Amino acid sequence: VNSNGYNVVQFVLLYVIARYMRLFPESKANRLGCRFAWLIIAVCAASMAGIYLLDSTCWAPGHNAMVWNYNCPLVVVEAAAIFSLFTRLKFQSAAINNTAALILGVYLIQSSPNLIYYRNALGQWLYGEWGFAGIAATVAIIVAICLALSAAVLLPARFLLRKIGL
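For every chain, the first residue of its written sequence is number 1, and the numbers climb from 1 along that sequence. Under the rules for a predicted model, residues below a pLDDT of 70 receive no local features and side-chain atom pairs below 80 are neither given nor counted, while totals for whole chains, interfaces and linings still include all residues. Processing note: side-chain calculations cover all non-hydrogen atoms of the structure and skip hydrogens and water entirely.

Enquirer: I would appreciate a short explanation of helix α2 (residues 28–35) in the present structure.
Expert: Of the residues making up α2, those classed as buried are Asn-30, Gly-33 and Cys-34. Down the axis of α2, the smallest arc covering the buried residues is 95°, so these residues share one side. Among the exposed residues of α2, those pointing more than 90 degrees away from its buried face are Lys-28 and Arg-35. Contacts are assigned to residue pairs with any non-hydrogen atoms lying within 4.5 Å of each other. Helix and strand assignments come from DSSP, with helices taken as H or I runs of at least 4 residues and strands as E runs of at least 2, each series counted from the N terminus. Residues of α2 that are buried sit in contact with α1 (8–23), α3 (37–54) and α4 (73–87). Only protein chains enter the accessibility calculation, which uses a 1.4 Å probe; a residue whose area is less than 20% of its type maximum is buried, one above 50% is exposed, and one in between is partly exposed. Taking the helix axis as origin, the arc is that swept by the directions to the C-beta atoms.

Enquirer: What should I look at first to understand the packing of aromatic side chains in this one?
Expert: Each aromatic ring pair is specified by the distance between its two centres and by the angle formed by the two planes. A pair of Phe, Tyr and Trp rings is counted when the ring centres sit within 6.5 Å of each other, with Trp represented by its six-membered ring. The angle between the planes then sorts it: under 30 degrees is stacked, over 60 is edge-to-face, the rest tilted. Applying the stated criterion across every chain, the model contains 4 aromatic pairs. Measuring from ring centre to ring centre gives 5.8 Å for Tyr-52 and Trp-68, while their planes differ by 50°; the resulting arrangement is tilted. Of this pair, Tyr-52 sits in helix α3 while Trp-68 is found in the loop between α3 and α4, placing the two residues 16 residues apart along the sequence. Ring centres 5.3 Å apart and planes at 85° place the aromatic pair Trp-125 and Trp-130 in the edge-to-face group. Accessibility expressed as a relative area gives 51% for Trp-130, which makes it exposed.

Okay, structure coming up:
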């Protein structure tokens, strides 16, 4: 069991909450959560920021702010409020569904224990050689490549040719 809530028990709890919200959209708690979702998100975010700033050791190196952890009740309530925003949306677009599948793949690759060492080593090397500008440029290039690949996968060729005037 991890002390910051990054464990199976917390994820099962979040899954059960989300499943309840999906199965019983007309329950009183779910309707209130949907109606006041943005207010709940704002209050939770402001409360977490306030608690963090009131912590006298928040600026110490290596300090683990408990307010951002998965086992903080404010994080759980805010996650439920964000999920309630998405329960009202009906995704029928193939582009959205394909993008969601691509994002899951990116998450699985970047969180793989075999690749974390190389990702961190690359970040340290870029920062050591070119500072923040090197990291920002690398992120911009990766985002541009991902957008280009997503456009190539998601948009039909005829649509692209018509948009650029060919």
